[in-house]
Amino acid sequence: MQILKDRIRKDGKIKAGNVLKVDSFLNHQMDIKLFGEIGREFKRRFADVPVTKILTIEASGIGIACIVAQYFDVPVVFAKKTQTKNIAGEVYTTKVESFTHGRVYDIIVSREFLGPGDKVLLIDDFLANGKALEGLAALVRDSGAELVGAGIVIEKGFQVGGDLLRSEGIRLESLAIVESMDEETQTIVFRDDE
Ligand code: 5GP
């Protein structure tokens, strides 16, 4: 998606530890006009897929998922990160290792909001090692719903998540795939660039 790649080049900041900072337009301050274009593009890419629910993870996936959901005309459910124990029974739960914070946390979704018959599209801002998306996919599996695909705004193609999820047969659509990035020169190469 060219306007997204242009924006990443213009405003993205490459930080140590393979972190791309895009908090001026994607996950702190949010450019809603760009989100609209992102929503339209996901709808175009998943036009052939029946979707009844969009599932994301708090916090940075929520804003994007809400705008995307307008194009699919379905509700958004976001998995909550929690430290509360003894919640089994009412919720689906699994563990996720955080890329940005390096610790493991539990994520939960209430059984009330996901179940057999649902066709679920996962949406998230970033794909790095794939732990967040794998956690969401596990919740979908537990619920008996069908996972129809995953839409990612920025995939870091040099990390393992994309290959992992594609090899599991998950239909993955990433709007910008970063092939490599260099902190010193602040340059980014996208997968389909020359
Ligand atoms: P994964 O679980 O695929 O390793 O990491 C995905 C999650 O980590 C995303 O939900 C995102 O919030 C965060 N993340 C991973 N890499 C980056 C990055 O380069 N920049 C930012 N801002 N967040 C990232």
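Residues numbered from 1 in each chain as written. Predicted model: local features only at pLDDT ≥ 70, side-chain atom pairs only at ≥ 80, totals over all residues. Heavy atoms only, no water.

The protein chain is annotated in an unreviewed UniProt entry as Xanthine phosphoribosyltransferase from Enterocloster citroniae. In its Subcellular location (unreviewed entry) section, the UniProt entry covering the protein chain states "Cytoplasm". What UniProt records for the protein chain under Pathway (unreviewed entry) is the sentence "Purine metabolism; XMP biosynthesis via salvage pathway; XMP from xanthine: step 1/1." (UniProt positions renumbered as here; feature names shortened; annotations may be inferred.)

> How would you summarise the overall build of the protein chain if you had to cite specific residues and measurements?
Looking only at helices and strands, the protein chain has 5 helices and 10 strands in total. Relative to the compact-globule value of 16 Å for 194 residues, the protein chain shows a C-alpha radius of gyration of 16 Å, a close match. Projected onto its principal axes, the C-alpha positions of the protein chain cover 50 × 35 × 30 Å. Among the 194 residues that make up the protein chain, the fraction classed as buried is 49%. When contacts within the protein chain are restricted to residue pairs at least 6 apart in sequence, those whose partners lie at least 24 apart make up 62%. Here the protein chain has roughly 9800 Å² of accessible surface; of this, 48% comes from carbon and sulfur atoms. Each charge class in the protein chain was averaged separately, 26 positive and 30 negative side chains, and the resulting centres sit 3 Å apart. (Helix = DSSP H or I, 4+ residues; strand = E, 2+ residues; numbered from the N terminus. Rg over C-alpha atoms; globule rule 2.2 N^0.38 Å. Buried < 20%, exposed > 50% of the residue type's maximum accessible area, 1.4 Å probe, protein only. Contact = heavy atoms within 4.5 Å. Areas by Shrake-Rupley, 256 points an atom, 1.4 Å probe, with all protein chains shown as cover. Lys, Arg positive; Asp, Glu negative; His and termini not counted. Charge placed at Lys NZ, Arg CZ, Asp CG, Glu CD.)

> Give me the lowdown on the site of the ligand, citing residues and values where you can.
Lining the immediate surroundings of the ligand are 17 residues, of which Leu-20, Asn-129, Gly-130, Ala-132 and Lys-156 lie closest. Measuring from an oxygen atom of the ligand, one finds a backbone N or O atom of Ala-132 at 2.8 Å. For the ligand, an oxygen atom lies 2.7 Å from a polar atom in the side chain of Lys-156. Considered on its own, the ligand offers 500 Å² of accessible surface; in the complex 90% of this is hidden by protein. Spatially, the ligand is embedded in the largest pocket. Of all the secondary structure elements, the ones that give two or more residues to the shell around the ligand are β2 (19-21), β7 (119-127) and α4 (131-143). When residues in the shell around the ligand are grouped by element, the largest group, 4 residues, is from β7. Here the residues of the shell around the ligand sort into 7 nonpolar, 6 polar and 4 charged. (Near = heavy atom within 4 Å. Polar contact = N/O pair within 3.5 Å; in protein donor to acceptor, adjacent residues only side chain to side chain. 1 Å grid on protein atoms, 1.4 Å probe; cavity = no way out; pocket = protein on both sides within 12 Å on 5 of 7 lines; lining within 4 Å. Sits in = over half its atoms within 2 Å of the grid points. Nonpolar A, V, L, I, M, F, W, Y, C, P; charged D, E, K, R; others polar.)

> An account of the pattern of salt bridges is needed here, citing residue identities and associated values.
In this structure the tally under the stated criterion is 15 salt bridges. Here Lys-10 and Asp-11 are joined by a salt bridge, their closest N and O atoms 3.5 Å apart. A salt bridge links Glu-37 to Arg-40, with the nearest nitrogen and oxygen atoms 3.7 Å apart. Of the two residues, Glu-37 and Arg-40 are both situated in helix α2 (residues 32-45); the distance of 3 residues between them amounts to about one turn of the helix. The class of Glu-37 is partly exposed, set by a relative accessible area of 31%. Here the salt bridges share partners, and the residues they tie into one network are Arg-7, Lys-10, Asp-11 and Asp-31. (Salt bridge = Lys/Arg side-chain N within 4 Å of Asp/Glu carboxyl O.)

> Just give me the short version of the sheet that holds strand β9 (residues 172-182), but keep the residues and values in it.
In space, the 8 strands of this open sheet follow the order β5-β6-β4-β3-β7-β8-β9-β10, with mixed pairing throughout. Across the chains shown, the open sheet's two edge strands, defined by having one partner strand only, are β5 (91-97) and β10 (187-190). In this sheet, adjacent strand axes meet at a mean angle of 30 degrees when their direction is disregarded. Bridge count between β9 and β10: 4 bridges; the pairing is antiparallel. Paired with Met-181 across the strands is Ile-188, a residue of β10. Relative to the sheet, helix α1 (residues 2-11) contacts β8 (146-156), β9 and β10, its axis offset from that of β10 by approximately 160 degrees. Relative to strand β3 (residues 53-57), helix α3 (residues 60-72) is tilted by about 170 degrees, and along the sheet it contacts β3, β4 (76-82), β7 and β8. (Pairing = 2+ DSSP bridges. Axes fitted to C-alpha atoms, helices over the stretch in contact; angles between N-to-C directions.)

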